[in-house]
Each structure stands twice: as structure tokens, then as C-alpha cells.
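# Residue-level structural notes
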Amino acid sequence: MPTVDMVRTGQNINRLRKQTGLSTADLQAALGLASPRAIFKWQRGDCLPTVDNLVVLAALFGVRIDDILAIDAAG
């Protein structure tokens, strides 16, 4: 079964955020989060964004959700 590599996904979020010139505070505001804690957790690979947050991240970064998620085919 395929699985999501949380650490690599977090690295993708961090890289894409920097490539688009967005700060953590920018993401926090765009996502309507009370604090940036969730974003830091995503970037560390501690947890994954919800599907609705992935949709917003993809739009902000100008990429597909598949470009954010790192999938391990073997699982």
C-alpha cells in the first residue's frame, strides 16, 4: 500500500513556501490559523495538513497537491 512520507512532505511544504516567498506568518493568515504551530509541525513532518489546508497550500504555491505530498509507493 502507498503511504505518505510525512518528513519528506514537510520538507516539500517548507521548500515550496520559501520558493514562493511566503513566510510562516503569511501561511498562517491565508489558512486562518490562530497560531503558526500547525505549520511548524507540518514542516517537521510531525503531522500532515488536513485536505482542505492542502487545497489552499497547493493554490498558494501554484502546484498540485501531488507536488506537496511525498508518496512512498511500497509503503
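Residues take numbers from 1 onward in each chain, read along the sequence in its written order. For a predicted model such as this one, the threshold for reporting local features is a pLDDT of at least 70, and the threshold for listing and counting side-chain atom pairs is 80 or more; totals across whole chains, interfaces and linings nevertheless cover every residue. Values reported for side chains reflect all heavy atoms of the structure, with hydrogen atoms and water molecules removed beforehand.

## Notes on helix α3 (residues 37–44)
- We call a residue buried when its accessible area falls under 20% of the maximum for its residue type, exposed when it is over 50%, and partly exposed in between, using a 1.4 Å probe and counting protein chains only. Only DSSP runs of H or I reaching four residues or more are called helices, and only runs of E reaching two or more are called strands; each is numbered from the N terminus. For α3, the full list of buried residues reads Ile39, Trp42 and Gln43. Angularly, the buried residues of α3 cover 95° about the axis, an arc narrow enough to put them on a single face.
- Against α1 (6–19), α2 (24–31) and α4 (51–61) lie the buried residues of α3.
- Once α3 finishes, Gly45 follows within two positions and takes phi at roughly 85°, a positive value. As used here, the arc is the angular range of directions from the helix axis to the C-beta atoms. By definition, residues are in contact when any of their heavy atoms lie within 4.5 Å.

## Looking at α2
- Residues Thr24, Leu27, Gln28 and Leu31 constitute the buried set of α2. Buried positions in α2, seen along its axis, are confined to an arc of 100° and lie on one side of it.
- Each element contacted by the buried residues of α2 is listed here: α1, α3 and α4.
- Definition of a polar contact: a pair of N or O atoms within 3.5 Å, with one able to donate and the other able to accept a hydrogen when the atoms are protein atoms, and with sequence-neighbouring residues admitted only if both atoms are side-chain atoms. For α2, the N-terminal capping position is held by Ser23, with its side-chain oxygen 3.3 Å away from the main-chain nitrogen of Ala25.

## Side note on the nonpolar core
- Nonpolar cores were defined as sets of buried Ala, Val, Leu, Ile, Met, Phe, Trp, Tyr and Cys residues, with membership established by side-chain atoms within 4.5 Å. Listed in full, the 12 residues of the largest apolar core are Ile13, Leu16, Leu27, Leu31, Ile39, Trp42, Leu54, Leu57, Ala58, Phe61, Ile68 and Leu69.
- Elements supplying a minimum of two residues to this core: α1, α2, α3 and α4.
- In terms of residue count, the dominant contributor to this core is α4 (4 residues).
- Ignoring sequence-local partners within four residues, the contact set of Trp42 consists of Met6, Gly10, Ile13, Leu31, Leu33, Cys47, Leu48, Pro49, Asn53 and Leu57.

## Focus: the environment of Arg15
- Locating Arg15 in the fold gives a position in helix α1.
- For the pair Arg15 and Arg37, spaced 22 residues apart in sequence, the C-alpha to C-alpha distance is 18 Å.

## Quick word on the side chain of Arg17
- One can find Arg17 in helix α1.
- The charge count includes Lys and Arg as positive and Asp and Glu as negative, but it does not include His or the ends of the chains. Here, a salt bridge means any side-chain nitrogen of Lys or Arg that lies within 4 Å of a carboxyl oxygen of Asp or Glu. Asp26 is the oppositely charged side chain nearest to the buried, salt-bridge-free Arg17, at an N-O distance of 7.2 Å.
- Sequence-distant contacts of Arg17, defined by excluding residues within four places in its chain, comprise Leu22, Ser23, Thr24, Leu27, Gln43 and Phe61.

## Here's the deal with the packing of α1 against α3
- Where α1 meets α3, the axes come as close as 6 Å, and the angle between the chain directions of the two elements is 120°. Our classification of the angle between α1 and α3 gives oblique. Note on element contacts: α3 touches α1 through Trp42, Gln43 and Arg44, opposite Met6, Val7, Gly10, Gln11, Ile13, Asn14 and Arg17.
- For the contact of α1 with α3, a count of residues per class yields 4 nonpolar, 4 polar and 2 charged. The convention used is that axes are lines fitted to C-alpha atoms, helices contributing only their stretch in contact, and that angles between N-to-C directions extend from 0 to 180 degrees. Here the angle decides the label: under 35 degrees means roughly parallel, over 145 means roughly antiparallel, 65 to 115 means roughly perpendicular, and every other value means oblique. Side-chain classes are defined by residue name, with Ala, Val, Leu, Ile, Met, Phe, Trp, Tyr, Cys and Pro counting as nonpolar, Asp, Glu, Lys and Arg as charged, and the others, Gly among them, as polar.

The values are spatial; any link to function lies outside them.
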